[in-house]
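Coordinate inspection notes
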Amino acid sequence: MTQRITILAGGMGGARFCLGVRHLLMGSDTEITVVGNTGDDIWVHGLRVCPDLDSIMYTLGGGISSERGWGREAETFHAKEELAAYGVEPTWFGLGDRDIATHLVRTTSLNAGYSLSDVTEALCHRWQPGVRLIPMSDDRAETHVIVDDPDAGDAEQPLRVAIHFQEWWIRHRASLPAHGFSIVGIEDARPAPGVIDAIAGADTVILSPSNPVVSIGTILAVPGIRDALHATTAPIVGLSPIIGGAPVRGMADACLAAIGVPTTAAGVAEHYGARSAGGILDAWLVDTVDASATAEIEGLGIACAAVPLLMTSPDATARMAAEALRLAGPRVR
Ligand code: GDP
Ligand code: CA
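Here we summarise the structure given alongside this text. (Residues numbered from 1 in each chain as written. Chains lettered and ligands numbered in written order. Predicted model: local features only at pLDDT ≥ 70, side-chain atom pairs only at ≥ 80, totals over all residues. Heavy atoms only, no water.)

**Description of the site of ligand 1**
- If you check the shell around ligand 1, you find 20 residues, and the closest are S210, S215, P241, R249 and L309.
- Residue G13 places a main-chain N or O atom 3.2 Å away from an oxygen atom belonging to ligand 1.
- For ligand 1, whose unbound accessible area comes to 590 Å², protein coverage reaches 92%.
- Judged by its atoms lying within 2 Å of the grid points, ligand 1 is housed in the largest pocket.
- Per-element tally for the shell around ligand 1: the top contributor is helix α1 (residues 12-25), with three residues.
- Each residue belonging to the shell around ligand 1 can be placed in one class, and the counts come to ten nonpolar, eight polar and two charged. (Near = heavy atom within 4 Å. Polar contact = N/O pair within 3.5 Å; in protein donor to acceptor, adjacent residues only side chain to side chain. Areas by Shrake-Rupley, 256 points an atom, 1.4 Å probe, with all protein chains shown as cover. 1 Å grid on protein atoms, 1.4 Å probe; cavity = no way out; pocket = protein on both sides within 12 Å on 5 of 7 lines; lining within 4 Å. Sits in = over half its atoms within 2 Å of the grid points. Helix = DSSP H or I, 4+ residues; strand = E, 2+ residues; numbered from the N terminus. Nonpolar A, V, L, I, M, F, W, Y, C, P; charged D, E, K, R; others polar.)

**A closer look at the sheet that holds strand β8 (residues 180-184)**
- As summarised here, the arrangement of the three strands in space is β7-β6-β8, forming an open sheet in which the pairing is antiparallel. Of all the strands in the sheet, just β7 (160-164) and β8 have a single pairing partner and so form its edges. If you compare each strand with its neighbour and ignore which way they point, the axes differ by 35° on average.
- The sheet contact formed by strand β6 (residues 142-148) and β8 spans five bridges and is antiparallel. Looking across to β8, one finds that I146 is bridged to G180. (Pairing = 2+ DSSP bridges. Axes fitted to C-alpha atoms, helices over the stretch in contact; angles between N-to-C directions.)

**Some points on unusual backbone geometry**
- For the peptide bond that leads from E89 to P90, omega is 0°, which places it in the cis range.
- Looking at the secondary structure, you find P90 in the loop between α3 (78-85) and α4 (97-111).
- Phi angles above zero are rare outside glycine, and A74 is one such case at about 50°.
- Topologically, A74 is positioned in the loop between α2 (51-60) and α3.
- Note on A74: relative accessible area 59%, which makes it exposed. (Buried < 20%, exposed > 50% of the residue type's maximum accessible area, 1.4 Å probe, protein only.)

**With respect to the packing of aromatic side chains**
- Taken as a whole, this structure holds eight aromatic pairs when the rule is applied.
- Taking 6.3 Å as the distance between ring centres and 50° as the angle between the ring planes, the aromatic pair formed by F165 and W168 counts as tilted. One end of the pair is F165 and the other is W168, both in helix α6 (residues 165-171) and three residues apart, which spans about a single turn. Considered together, F165 and W168 belong to a single accessibility category, that of buried residues.
- Between W168 and F181, the ring centres sit 5.8 Å apart and the planes meet at 80°, which makes this aromatic pair edge-to-face. In this pair, W168 is assigned in helix α6 and F181 in strand β8, connecting sequence segments 13 residues apart. (Phe/Tyr/Trp six-rings, centres within 6.5 Å; stacked < 30°, edge-to-face > 60°.)

What follows is the structure, encoded as structure tokens:
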């Protein structure tokens, strides 16, 4: 019988993890569905950009820049330079020439009335990622960050403003203290076609080692997705993106701090919560350096094991995926 695995994923961390899962299950009768975060999506120079979906598509399709970890390999940035020469903002967004083709196809298709799911499927015809990649939602819902107005100068009580996640993350390198996150449009966002079925019909649901706040947290915020996770008979297992009290890459610590969650493997597990206590986790993998946290996590009602969690190669990542499936155990039907 076909094994069905559903992965909730952000961008780079999610993409690398999916590569390991595909590597592990290659040749077996398995259907892998990846539900991608679209909260990072943004309109740039008239183009619809979906950074996390593209990271997954390019990584699994062999087109990702291995050097940068995002965008296309053998990329040039002439269009970006020309736009900057015209003085048009945003000048801080990394729009590569090859990458622009993807955004042109996407934008043209969206403007013609196709849904983001349709467009993603069409783009994947070229990249053949070997998984079914679906956006969390076809509706626009973009993460914004609440910060003190960066243009307020030395005002004693600066106004709080909401800036787009990408402006905070890329332009400000997450250095402006965040007071919180607001996903504009999320109340009215519906799960994309196939998302709820992929969770309900899975044999295992995996939370990739992605940013718990602005990747996984955003997916969980789509009305209906958390309920589907509560209801599924599939075990749900997550892998910690935090190792030894720090994110492996990126600035997830700034996101966790903004919502008052400690940047530890146990802190993130507690934030997700045990499914038996109204949360979403049945099982949680921490890195071996965090082995001392397993008892605390088990105490929350979450099965826990400590294994190497560095995605240094597809083989190493495949071993992580195997451990996740082992710890999750079989589906309770
Ligand atoms: P983004 O959307 O590109 O920021 O990517 P994700 O949200 O999918 O993943 C970002 C998270 O991946 C960061 O919080 C990192 O700590 C985590 N990460 C990156 N590389 C590794 C790794 O090798 N092992 C683990 N466990 N986590 C990783
Ligand atoms: Ca992202």
